[in-house]
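# Architecture at a glance
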Amino acid sequence: MSFQHVRAVFEAPVIAAFAGLAAPVPCYVGNQGFTTATAGDEYATVDLQFGVTTSRVLSGNLERLQGSLIVEAFTAKNTGPGRAQEMITPVMVALNNLNSCTGYEQTGAVGWVGDMTGPSFFDLDAAPFYMVRLSVAISARYTA
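Below: a short report on this structure. Keep in mind that what you see is a predicted model, and the values were worked out from it rather than measured.

## Here we look at the sheet that holds strand β6 (residues 109-123)
Ordered in space as β1-β2-β5-β7-β6, the 5 strands form an open sheet in which the pairing is mixed. Looking at which strands have only one partner, the edges of the open sheet turn out to be β1 (27-29) and β6. Each adjacent strand pair in this sheet contributes to an overall mean axis angle of 20°, direction not counted. Alignment of strand β5 (residues 65-76) against strand β7 (residues 129-142), held across 12 bridges, turns out to be antiparallel. When the bridges of β7 are listed, Val-71 appears paired with Leu-134. Against the sheet, helix α1 (residues 3-19) touches β1, β2 (43-50), β5, β6 and β7, its axis set at about 155° to β2.

Quick look at the structure:
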C-alpha cells in the first residue's frame, strides 16, 4: 500500500480544479506550510484522513482504504456566496470524475468518491474570510 500515491489520486484533481479557475486559487495540502493569508487573499486547503485501511478476512487482512477528504476554500468576506460557489463547483466535478472507472493510473492507485456533504458555507467571525467546505467519503485501492 502507498499512501502517497493514493493521496495524489484525490489531491491532484482538487489542486488542478483550483488552478484552472479564471482567477486561480492557491491550494495547500496537509503538512505543506504557507503564510497566513491576509484579508482579500483567496486560498484553499485539502485534508485527507484515512479511516479503515484493512479488514480482517479468513486468510489475513485485506486492504480496504477508506477515509474522508475535506476541502475548504476561503474568499473575501461580505461579498456573498457567489465566489465561494464558483471556487467549489469545479472541485466537485473533478472529484466526481474519479468515479468514471477509467482504470488504474501508472502509479497503481485508483480512487472513488462516495457521499459528498456540502458544500457548506460559513461567514467566519474571527477571520476576514468567507469559507466553503466540502466533505467527501473516499475509498481507494493500490496494486503496484
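Having put the structure on the table, let's press on.
## Some points on the packing of α1 against helix α2 (residues 82-96)
Between α1 and α2, the least distance of the axes is 8 Å, while the angle of their chain directions is 145°. Between α1 and α2 lies a crossing whose hand is right-handed. Here Phe-10, Pro-13, Val-14, Ala-17 and Phe-18 of α1 lie close against α2, whose contacting residues are Met-87, Pro-90, Val-91, Ala-94 and Leu-95. Grouping the amino acids of the contact of α1 with α2 by side-chain chemistry returns 10 nonpolar, no polar and no charged.

## Some details on the pairing of β5
Pairing geometry for β2 and β5, over 8 bridges, is antiparallel. Its bridge partner being in β5, Gln-49 is matched across the sheet by Ser-68.

## Topic: the packing of aromatic side chains
If you walk through the whole model with that rule in mind, you get 5 aromatic pairs. Ring centres 5.7 Å apart and planes at 90° place the aromatic pair Tyr-43 and Phe-129 in the edge-to-face group. Here Phe-129 lies in strand β7 and Tyr-43 lies in strand β2, a separation of 86 residues in the sequence. As far as the burial class goes, Tyr-43 and Phe-129 line up, both buried. An angle of 20° between the planes, with centres 6.3 Å apart, marks the rings of Phe-121 and Tyr-130 as stacked. Judged by relative accessible area, Tyr-130 falls into the buried class, the value being 15%. Grouped by ring-pair contacts, the aromatic residues Tyr-43, Phe-74 and Phe-129 constitute a single cluster.

## Section: the nonpolar core
With 34 residues, the main nonpolar core has Phe-10, Val-14, Phe-18, Leu-69, Val-91 and Leu-95 as its most contacted residues. If you list the elements that add at least two residues to this core, you get α1, β1, β2, β5, α2, β6 and β7. Other than its neighbours up to four places away in sequence, Val-14 contacts Cys-27, Val-46, Leu-69, Val-71, Val-91 and Leu-95.

## Structural notes on the side chain of Glu-72
Within the secondary structure layout, Glu-72 lies in strand β5. A relative accessible area of 17% places Glu-72 in the buried class. Excluding residues that lie within four positions of it along the chain, Glu-72 makes contacts with Tyr-43, Ala-44, Thr-45, Met-131, Val-132 and Arg-133.

## A word on α1
Along its 17 residues, α1 runs 24 Å from first to last C-alpha, staying within 8% of the 24 Å computed at 1.5 Å per residue. Its maximal kink placed at Val-9, α1 deviates by approximately 30°, while the proline Pro-13 follows within four residues. For α1, the set of buried residues is Val-6, Val-9, Phe-10, Glu-11, Pro-13, Val-14, Ala-17 and Phe-18. Considering only its buried residues, α1 is in contact with β1, β2, β5, α2, β6 and β7.

Reading guide: rules and limits
Residues numbered from 1 in each chain as written. Predicted model: local features only at pLDDT ≥ 70, side-chain atom pairs only at ≥ 80, totals over all residues. Heavy atoms only, no water. Pairing = 2+ DSSP bridges. Helix = DSSP H or I, 4+ residues; strand = E, 2+ residues; numbered from the N terminus. Axes fitted to C-alpha atoms, helices over the stretch in contact; angles between N-to-C directions. Contact = heavy atoms within 4.5 Å. Left-handed = near helix turned anticlockwise from the far one by under 90°. Nonpolar A, V, L, I, M, F, W, Y, C, P; charged D, E, K, R; others polar. Phe/Tyr/Trp six-rings, centres within 6.5 Å; stacked < 30°, edge-to-face > 60°. Buried < 20%, exposed > 50% of the residue type's maximum accessible area, 1.4 Å probe, protein only. Core = buried A, V, L, I, M, F, W, Y, C linked by side-chain atoms within 4.5 Å. Expected span 1.5 Å × (residues − 1). Bend = angle between axes of the 7 residues up to and from the residue.

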